[in-house]
Amino acid sequence: MMPVPPNPYIIALIALAGTVIGGAISFGTQAWLRFYERKQERQSLALAFAAEIEGYLKIVERRKQAQSAETLLQQALAGQPTSLRGFLSQNDTQMEAFPIASANVGKIGLLGLMSGEVVQFYTLAKAVRATGIDANAGRYDSYTPAQMASLIEEELAVWRMANVLGNRLVKMLRDC
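Cut-offs applied
- Residues numbered from 1 in each chain as written.
- Predicted model: local features only at pLDDT ≥ 70, side-chain atom pairs only at ≥ 80, totals over all residues.
- Heavy atoms only, no water.
- Phe/Tyr/Trp six-rings, centres within 6.5 Å; stacked < 30°, edge-to-face > 60°.
- Buried < 20%, exposed > 50% of the residue type's maximum accessible area, 1.4 Å probe, protein only.
- Helix = DSSP H or I, 4+ residues; strand = E, 2+ residues; numbered from the N terminus.
- Contact = heavy atoms within 4.5 Å.
- Patch = residues over 30% accessible without salt bridge, like charges linked within 9 Å, V, L, I, M, F, W, Y side chains within 5 Å.
- Areas by Shrake-Rupley, 256 points an atom, 1.4 Å probe, with all protein chains shown as cover.
- Salt bridge = Lys/Arg side-chain N within 4 Å of Asp/Glu carboxyl O.
- Expected span 1.5 Å × (residues − 1).
- Arc of directions from axis to C-beta.

Q: Tell me about the packing of aromatic side chains, residues and numbers included.
A: Scanning the entire structure with this criterion turns up 8 aromatic pairs. Ring centres 5.3 Å apart and planes at 75 degrees place the aromatic pair Phe-121 and Tyr-122 in the edge-to-face group. The same class applies to Phe-121 and to Tyr-122, which are both buried. Aromatic pair Tyr-140 and Tyr-143: ring centres 5.2 Å apart, planes at 75 degrees, arrangement edge-to-face. Judged by relative accessible area, Tyr-140 falls into the buried class, the value being 6%. Every member of this aromatic cluster is reached through a ring pair, and the members are Phe-49, Tyr-56, Phe-98, Phe-121, Tyr-122 and Trp-159.

In structure tokens, the structure reads:
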């Protein structure tokens, strides 16, 4: 008996099926790898932001800047002349306060829904820092005690928001 020659249509169909299956496996593998890489990048970024925020909060706490501002507020409310100079050292005013945030501005969106709160924290913290820089430059030296009290109250309110948000963000970012 003579062997039956292979049907070219069946061979083509098998080759096509193999190509489709191989392509699907390749596509699936690449998609999974990209997902995993983005997840790793997101986690790494989240941990870096958490460390920077926590470090900043600890520096402010260790230097007792909020308590010092509260003391100055009481002096200003009592009508005593008050100066805000000295909250930040000359080195503080010249250094980048948030190098991780500055270097990763374009990646904050990787944090998803938390990105808005991360931006909000940095905005609040930078606002208080800007006031400290202006104070060191003498911008508020001519303020009356009442004006100084108002300024300090406003800055303390902003700092309290930043502090609460920052502490919450540190936990959220670590769990990311």
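Q: Please give an account of the side chain of Thr-82 that cites residues and values.
A: Within the fold, Thr-82 resides in the loop between α2 (65-77) and α3 (90-94). Exposure remark for Thr-82: the relative accessible area of 12% places this residue in the buried category. Filtering out sequence-adjacent residues up to four positions away, Thr-82 remains in contact with Leu-72, Gln-75, Ala-76, Met-148 and Ile-152.

Q: Quick rundown of a nonpolar patch on the surface? Include the residues and the values.
A: A contiguous nonpolar surface patch, about 460 Å² in accessible area, is contributed by Trp-32, Leu-33, Phe-35 and Tyr-36. Structurally, Phe-35 can be placed in helix α1 (residues 8-62). You can call Phe-35 exposed: its relative accessible area is 55%.

Q: Could you give me a rundown of α2, with the residues and numbers involved?
A: With 13 residues, α2 should cover 18 Å at 1.5 Å per step; its first-to-last C-alpha distance of 18 Å lies within 8% of that length. Within α2, the full set of buried residues consists of Gln-65, Ala-69, Leu-72, Leu-73 and Ala-76. Each buried residue of α2 sits inside an arc of 110 degrees when the element is viewed along its axis, so together they form one side. As for α2, its buried residues are in contact with α1 and α6 (145-174). Downstream of α2 by a residue or two, Gly-79 has a phi angle that is positive, lying close to 90 degrees.

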